[in-house]
Amino acid sequence: MLKILKYSFFDLMRSRWSYVYFLFYLLLGVVLLFLNNDLSKAVITLMNVIIVLVPLIGTIFGVMYYYNSKEFTELLLAQPVKRSSIFLGQYFGVALSLSMSLIIGLGLPFVFYGIFNSGAIWDFSLLLVTGAFLTLIFTALAFVIALANENKIKGFGYAILLWLFMAVIYDGVFLMSLVYFEEYPLDKFSLVATMLNPVDLSRVLILLKLDISALLGYTGAVFQKFFGTSVGFILSSLMLTLWVIVPTYFIQRMAKRKDF
Amino acid sequence: MIEIDNLHKRFGKNEVLKGIDLTIDNGGIFAVLGPNGSGKTTLIKSILGMVVPNSGTIKLNGTSIKKNWEYRNDIDYLPQIANFPGNLTVKELIKMIKDLRSSKTADDERLIELFKLQPFLDIKLNNLSGGTKQKVNLVLTFMFDSPLVILDEPTTGLDPISHIRLKQLITAEKEKGKTILITSHIMSFVEEIADEIVFLLEGKIYFRGSIPALKTKTEQSDFEHAIASMLSSSYA
């Protein structure tokens, strides 16, 4: 698997898009830090960008890479390589190179700004870790979608729908249900609903770390009580890990049964 | 030795292989023939494990290929359409495949020389002509010394000189005692090199035997006509 990972990784590292993605984060980091001059505010703005953009790029890159490397895959299938290693290798190759663009692209301006001497280092690290998690999750979901759909257009369509649902629609439905059922106790429901969507979970985790949960009002207090504890933190990390493991398992399972 | 027992494969509603029983002994050139859509490529891909059969077993030298991948170390495969990752150069591609099968010694330089590929080594695969791609494909296939060689339409796009070199190459491999499985639509090519033919029709084996036996059976003196007569009698 490592050999396949290496080839996919270097293949992507040579592609123009990795650089575009990297430069985008570099620019974003520089602009936010040096025009804003406030580390905490920069982290919040970054959070808003990352929460939406990382899943989008992860899904699109994942689907695109799978369809574009069809020839490479067919070539590999006739070689003495295990099937699951081919697909897992490609998946980790994509997810790793995307995470690297994110971490290095954002990391560099922050390092130059002097993040190591600032109290915001943990907020910032959490931001990068959740960003990496979101990349892993959405690239895996993209691979599952691509494996299930021979038709490129359909695959792309489903991938975009998935992103739209997770990043936008889910929140809308969630809010509407909160308004609709406002007479009932909703603490448990909102906790569970947040835990079930990796995008929401990441957002809440970062917001709570930034100590601005007061902005979230009453729910903020509930969340603070839950996520602020170590049990809550471990549980949410577990949830994010689960969101990586389950699609990865599906990639492996679907790869085993597919005809080429 | 390849043993195939009652192999079935369906793609959706389309039943491509309807119970193939085939035993191929070691050594010799076997041609798998049949009209378009008769299941030649599906049969070959099943042996390679690229297509997962619905039922039936395939054994290579006594071991089942199911849930197994190491056996592909003993197979060299030439795919029908040379689809390569386009942004690699010829040299990088050869290096990569050698790296994936690092347990084997590769004989790529002799083959590059044979097909005169030196001027193309640093060119990206996207920018190669169909015939040159096919030559690269041949180099990748023949550079390892595996006991079983599977060639799916090896002559596609080749010029006459390369065609002759390919025939010499196949004959030389046969003399080493290898088993070679070929599909082709060029009947003169098949007649010249094949020891035995396997004729597939609508997902079943319709005829298996030597070329003289086929000619006697169909009462035709010409190989191409013999095949045609088999086709028309089945269509009638």
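It should be noted that the structure appears before, not after, this text.
The shown structure was predicted, so the numbers you read here are calculated from the model rather than taken from an experiment. (Residues numbered from 1 in each chain as written. Chains lettered and ligands numbered in written order. Predicted model: local features only at pLDDT ≥ 70, side-chain atom pairs only at ≥ 80, totals over all residues. Heavy atoms only, no water.)

A.B. asks: Honestly, the overall build of chain B in this entry has me stumped. Any pointers?
C.D. replies: Check the secondary structure of chain B and you find 8 helices and 10 strands. Taken along the three principal axes of its C-alpha coordinates, chain B extends 55 × 40 × 35 Å. For chain B, the exposed area adds up to about 10,800 Å²; of that, 50% sits on carbon and sulfur atoms. Positive and negative side-chain charges in chain B, numbering 29 and 29 respectively, have mean positions lying 6 Å apart. (Helix = DSSP H or I, 4+ residues; strand = E, 2+ residues; numbered from the N terminus. Areas by Shrake-Rupley, 256 points an atom, 1.4 Å probe, with all protein chains shown as cover. Lys, Arg positive; Asp, Glu negative; His and termini not counted. Charge placed at Lys NZ, Arg CZ, Asp CG, Glu CD.)

A.B. asks: Can you walk me through the packing of helix α5 (residues 83–113) of chain A against helix α6 (residues 121–148) of chain A in this structure?
C.D. replies: Geometry of a packed helix pair, given as the angle between the helix axes and the separation of the axes. Residue and element names in this part refer to chain A. The geometry of α5 relative to α6 is characterised by a closest axis approach of 9 Å and an angle of 150° between their N-to-C directions. In this view, α5 runs roughly antiparallel relative to α6, as classed from their interaxial angle. Crossing of α5 against α6: the hand is right-handed. Taken together, the residues of the contact of α5 with α6 sort by class into 17 nonpolar, 6 polar and no charged. (Axes fitted to C-alpha atoms, helices over the stretch in contact; angles between N-to-C directions. Parallel < 35°, antiparallel > 145°, perpendicular 65-115°, else oblique. Left-handed = near helix turned anticlockwise from the far one by under 90°. Nonpolar A, V, L, I, M, F, W, Y, C, P; charged D, E, K, R; others polar.)

A.B. asks: Would you take a moment to explain the pairing of strand β10 (residues 204–209) of chain B for this structure?
C.D. replies: All names here are of chain B. Of the strand pairs in this sheet, strand β9 (residues 196–201) and β10 are connected by 5 bridges, and their pairing is antiparallel. Note that in β10 the partner of Leu-200 across the bridge is Ile-205. Between β9 and β10, which pair antiparallel and follow one another directly, the connecting turn spans 2 residues, one of which, Glu-202, has a positive phi of 50°. (Pairing = 2+ DSSP bridges.)

A.B. asks: Explain helix α11 (residues 230–257) of chain A here, please?
C.D. replies: Spanning 28 residues, α11 of chain A covers 41 Å between terminal C-alpha atoms, matching the ideal 40 Å at 1.5 Å per step. Among all positions of α11 of chain A, only Gly-232, Ser-236, Met-239, Leu-240, Trp-243, Val-244, Pro-247, Thr-248, Ile-251 and Ala-255 of chain A are buried. (Expected span 1.5 Å × (residues − 1). Buried < 20%, exposed > 50% of the residue type's maximum accessible area, 1.4 Å probe, protein only.)

A.B. asks: Help me understand the interface of chain B and chain A, please; the structure alone is not making it clear to me.
C.D. replies: Interfaces are frequently sized by the accessible area removed from exposure as the parts join. Counting residues at the interface gives 26 residues for chain B and 23 residues for chain A. Here chain B meets chain A over a buried area of about 2,200 Å², counting both sides, of which 56% is carbon and sulfur. Considering only the side of chain B, the residues that lose the most area to chain A are Met-50, Arg-72 and Leu-100 of chain B, jointly responsible for 29% of the buried surface there. Inspection of the chain B/chain A interface yields 3 salt bridges. Taking the shortest distance from any N to any O, the salt bridge between Lys-3 of chain A and Asp-99 of chain B comes out at 3.9 Å. Counting across the interface, chain B meets chain A through 13 residue pairs in polar contact (both at pLDDT 80 or more). (Contact = heavy atoms within 4.5 Å. Buried area = accessible area lost by both parts, 1.4 Å probe. Salt bridge = Lys/Arg side-chain N within 4 Å of Asp/Glu carboxyl O. Polar contact = N/O pair within 3.5 Å; in protein donor to acceptor, adjacent residues only side chain to side chain.)

A.B. asks: Where do I start with the sheet that holds β9 of chain B in this structure?
C.D. replies: Sheet strands pair by backbone hydrogen bonding; their relative direction is either parallel or antiparallel. Residues and elements named next belong to chain B. The sheet built from 6 strands is open, its strands ordered β6-β7-β8-β3-β9-β10 with mixed pairing. The open sheet has two free edges, formed respectively by β6 (75–78) and β10, since each of these has just one partner strand. Across the sheet, the axes of successive neighbouring strands diverge by a mean angle of 15°, strand direction being ignored. Summarising the sheet, strand β3 (residues 28–33) and β9 pair through 4 bridges and their orientation is parallel. Residue Phe-30 lies in a different strand from β9, and its bridge partner there is Glu-196.

A.B. asks: Please explain a positive patch on the surface as it appears in this structure.
C.D. replies: Together, Lys-82, Arg-253, Lys-256 and Arg-257 of chain A together with Lys-66 and Lys-67 of chain B line one region of the surface with positive charge. If you trace the backbone, Arg-253 of chain A turns up in helix α11. Under the relative-accessibility criterion, Arg-253 of chain A is labelled partly exposed at 36%. (Patch = residues over 30% accessible without salt bridge, like charges linked within 9 Å, V, L, I, M, F, W, Y side chains within 5 Å.)

A.B. asks: Would you mind going over the packing of aromatic side chains with me for this structure?
C.D. replies: Note on aromatic pairs: each is described by the distance of the centres and the angle between the planes. The full count for this structure, using the stated rule, is 19 aromatic pairs over all chains. When the ring of Phe-110 of chain A is compared with that of Phe-124 of chain A, the centres are 4.0 Å apart and the planes differ by 20°; the resulting orientation is stacked. Of the two residues, Phe-110 of chain A sits in helix α5 while Phe-124 of chain A sits in helix α6, which places them 14 residues apart along the sequence. Overall, Phe-124 of chain A belongs to the buried group, its relative accessible area being 5%. Taken together, a centroid distance of 5.8 Å and an interplanar angle of 70° make the contact between Tyr-249 of chain A and Phe-250 of chain A edge-to-face. Taken together through their ring pairs, the aromatic side chains of Tyr-66, Tyr-67, Phe-87, Tyr-91, Phe-92, Phe-143, Phe-156 and Phe-260 of chain A make up a single cluster. Positioned above the aromatic ring of Phe-144 of chain B is the side chain of Arg-101 of chain B, whose terminal nitrogen or guanidinium carbon lies 4.7 Å from the ring centre. Stacked on the ring of Tyr-206 of chain B, the Lys or Arg Lys-217 of chain B has its end atom at 5.6 Å from the ring centre. (Phe/Tyr/Trp six-rings, centres within 6.5 Å; stacked < 30°, edge-to-face > 60°. Lys NZ or Arg CZ within 6 Å of the ring centre and 35° of its normal.)

A.B. asks: What's the story with the pattern of salt bridges in this structure? I'm lost.
C.D. replies: Residue and element names in this part refer to chain B. What the rule picks out here adds up to 21 salt bridges over all chains. The partner of Asp-145 in a salt bridge is Lys-176, and the shortest N-O contact between them spans 3.9 Å. Here Asp-145, found in the loop between α4 (130–142) and β7 (148–152), pairs with Lys-176, found in the loop between α5 (160–175) and β8 (179–183); they are 31 residues apart in sequence, far enough to count as distant. Residue Lys-176 is classed as exposed on the basis of its relative accessible area of 51%. Several salt bridges share partner residues, and in doing so they unite Asp-145, Glu-173, Lys-176 and Lys-178 into one network.

A.B. asks: For this particular structure, what's the right way to read the pairing of strand β1 (residues 2–11) of chain B?
C.D. replies: Taken residue by residue, a regular strand's side chains alternate between the two faces of the sheet. Residue and element names in this part refer to chain B. Note: β1 against strand β2 (residues 14–24), 8 bridges, orientation antiparallel. The residue of β2 that forms the bridge with Phe-11 is Asn-14. Inspection of the sheet shows β1 paired to strand β4 (residues 55–60) by 5 bridges, in the antiparallel sense. The residue bridging His-8 from the neighbouring strand is Ser-55, located in β4.

A.B. asks: It is not clear to me how the sheet that holds β4 of chain B should be interpreted in this structure. Could you clarify?
C.D. replies: Residues and elements named next belong to chain B. What the 4 strands build is an open sheet, ordered β2-β1-β4-β5; its pairing is antiparallel. Whereas interior strands pair on both sides, the edge strands pair on one side only; in this sheet they are β2 and β5 (63–64). The strands that helix α1 (residues 40–48) touches are β1, β2 and β4; relative to β1, the one it contacts most, it runs at about 115°.

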